[in-house]
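Results of the structural survey
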Amino acid sequence: MKTEEIRGMSDADLGTKVQDLQHERLNLKIQQQSGQLERPSRLKEIRKSLARIQTVMTERRLTAAQENTK
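Per-chain numbering applies: the sequence of each chain, read as written, is numbered from 1 onward. Residue-level local features of this predicted model are given only where pLDDT is at least 70; pairs of side-chain atoms are given and counted only at 80 or more, and the full residue set underlies all totals for whole chains, interfaces and linings. Only hydrogens and water are set aside when side-chain values are computed; all heavy atoms of the structure are taken into account.

Strands here mean DSSP runs of E at least two residues long; helices mean DSSP runs of H or I at least four residues long; both are numbered from the N terminus. On a plain count of helices and strands, the protein comes out with three helices and zero strands. Tracing the protein from N to C terminus, the helices and strands come up as α-α-α. A compact globule built from 70 residues should have a C-alpha radius of gyration of about 11 Å, whereas the protein, at 15 Å, is more than 25% larger. For the C-alpha atoms alone, the extent of the protein along its principal axes is close to 55 × 20 × 15 Å. Here the globule rule is a power law, 2.2 Å times the number of residues to the power 0.38, and the radius of gyration is based on C-alpha atoms.

In this scheme, a helix's expected span is set at 1.5 Å multiplied by one less than its residue total. The terminal C-alpha atoms of helix 2 (residues 11-34) lie 35 Å apart, and with 24 residues this matches the ideal 34 Å at 1.5 Å per residue to within 8%. We call two residues contacting when some pair of their heavy atoms lies within 4.5 Å. Turning to helix 2, the residues buried within the fold contact helix 1 (3-7) and helix 3 (41-69).

The predictor reports its confidence for every residue as pLDDT, a score running from 0 up to 100. Residues with a pLDDT of 70 or more make up 100% of the protein, whose mean pLDDT is 95. Taking the mean pLDDT of every element in the protein, the minimum, 94, falls on helix 1 and the maximum, 97, on helix 2.

Counting residues in each nonpolar core, the largest one holds twelve residues, listed as Ile6, Met9, Leu14, Val18, Leu21, Leu28, Leu37, Leu43, Ile46, Leu50, Ile53 and Val56. The dominant element in this core, judged by the number of residues it contributes, is helix 3, at five residues. Apart from residues lying up to four places away in sequence, isoleucine 46 is in contact with Leu21, Glu24, Arg25 and Leu28. Only buried residues count toward a nonpolar core, which is a set of Ala, Val, Leu, Ile, Met, Phe, Trp, Tyr and Cys residues joined through side-chain atoms within 4.5 Å. Whether a residue is buried, partly exposed or exposed follows from its accessible area with a 1.4 Å probe, protein chains only, as a fraction of its type maximum: under 20%, in between, or over 50%, in that order.

Let's shift gears to the pattern of salt bridges. Salt bridges, as used here, are contacts in which a Lys or Arg side-chain nitrogen is within 4 Å of a carboxyl oxygen on Asp or Glu. Inspection of the entire model under this criterion finds five salt bridges. With its nearest N and O atoms 2.7 Å apart, the salt bridge here joins arginine 60 to aspartate 11. In this pair, arginine 60 is assigned in helix 3 and aspartate 11 in helix 2, connecting sequence segments 49 residues apart. On the basis of relative accessibility, which here comes to 51%, the residue aspartate 11 falls in the exposed class. Among the salt bridges present, the one from arginine 42 reaches glutamate 24, with a minimum N-O distance of 3.0 Å. Here arginine 42 is found in helix 3, whereas its partner glutamate 24 is found in helix 2, with 18 residues between them in sequence. The exposure class assigned to arginine 42 is partly exposed, which follows from its relative accessible area of 22%. A relative accessible area of 29% means that glutamate 24 is categorised as partly exposed. Here the salt bridges share partners, and the residues they tie into one network are Glu24, Arg39, Arg42 and Glu45.

Set out below in structure tokens:
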């Protein structure tokens, strides 16, 4: 997922996307433990996407907090 796509999503959509990615990451880790994981690189992609989403969410919270103090 690209940062531009993430910035275009609403907060509710981002929350849903985080849950979906965390669920997928859990399933992939289970597959990895059982030796059935076909694309190990997908775990890295998911981790990076989660980090990007959390960064955008943090930026939004900080921006909202700064606007509220003005």
